[in-house]
Amino acid sequence: MSSLTFKRILLKYSGEAVAGSKEQGIDPSVLHFMSNEIKSIVSKKVAVGLVIGGGNLFRGEELNQDGIDRVAGDHMGMLATVMNGIALRDSLERLGVKTRVMSAIPMPGIVEHYDRRLAIQLLDAGFVVIFTAGTGNPFFTTDTAACLRAIEVGADLMLKATKVDGVYSDDPKINPEASLYRDLTFNEAISKNLKVMDTTALTLARDNKMKIKVFNFRKEGALLDIVNGGEEGTIITNG
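Cut-offs and rules
- Residues numbered from 1 in each chain as written.
- Predicted model: local features only at pLDDT ≥ 70, side-chain atom pairs only at ≥ 80, totals over all residues.
- Heavy atoms only, no water.
- Salt bridge = Lys/Arg side-chain N within 4 Å of Asp/Glu carboxyl O.
- Helix = DSSP H or I, 4+ residues; strand = E, 2+ residues; numbered from the N terminus.
- Buried < 20%, exposed > 50% of the residue type's maximum accessible area, 1.4 Å probe, protein only.
- Polar contact = N/O pair within 3.5 Å; in protein donor to acceptor, adjacent residues only side chain to side chain.
- Contact = heavy atoms within 4.5 Å.

**Q** Whenever I open this one, the pattern of salt bridges confuses me. Can you help?
**A** Opposite charge on two side chains lets them pair, provided their charged atoms get close. With the rule as written, the count across this model stands at nine salt bridges. For R94, the salt bridge is made with D90, and the minimal N-O distance between the two is 2.9 Å. On the criterion of helical spacing, the pair formed by R94 and D90 is a turn pair, its members being four residues apart in helix α4 (residues 70-94). According to the relative accessible area criterion, R94 is exposed, its value standing at 61%. Under the relative-accessibility criterion, D90 is labelled partly exposed at 40%. Notably, a salt bridge pairs R206 with D207, separated by 3.1 Å at the nearest N-O pair. Overall, R206 belongs to the partly exposed group, its relative accessible area being 26%. A single salt-bridge network, built from bridges that share partners, covers K12, D143 and K160.

**Q** How should I be thinking about the side chain of T81 in this particular structure?
**A** Along the polypeptide, T81 turns up in helix α4. We classify T81 as buried; its relative accessible area is 2%. At 2.6 Å, the side chain of T81 and the backbone oxygen of M78 are in polar contact. Beyond its immediate chain neighbours, meaning those up to four positions away, T81 contacts I52, G53, G54, T132, A133, G134 and T142.

Any functional reading would require information that these geometric values do not contain.
What follows is the structure in structure tokens.
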């Protein structure tokens, strides 16, 4: 334990990450890879909280543009995150990792209702705690929910999982000349409009001094490197 730089983290996966190359639905092979990566740090006694999006199953923003009520769409998106959370719980438990799913929306008989004190107790007891249904409120992204939960449970670091190696000056898939930032301040990320996450999430993290690291979740061993203080990804701090 003493060699670890980060002993409690909040990990944020997008729903699209769970879909893998399919772009929609849930790819079991991706869940298995994620679960093995998480297990590798849980075995080192790292406490892991996790927030997962739902864009692989439902995208309320797109339907909102076609006329569906925004609040209704956001509520449907929250339900999608619960489905992803249950799928990831199953994958982790098959690897022997103790896991609980909590929802910001009460769903008795399916998952537990979010309770901050219980969540902290579970993290202390070695459970991976998956936080679903966002903040329970429309108009807030799962990135904002991840920052909120990280602050609430006293995480040392929030990790934002992406499909690239960190935060770039431009989209590296479109612009091969885009440069990778190794470190940024929150104000730089906001002023440069780098789209690493929404402004509400960045501002919440900045105001509560919650460090964020953006990394490539598809790189094997990346999580273990990060909790050991490695150089993987881009770190965003108050500077």
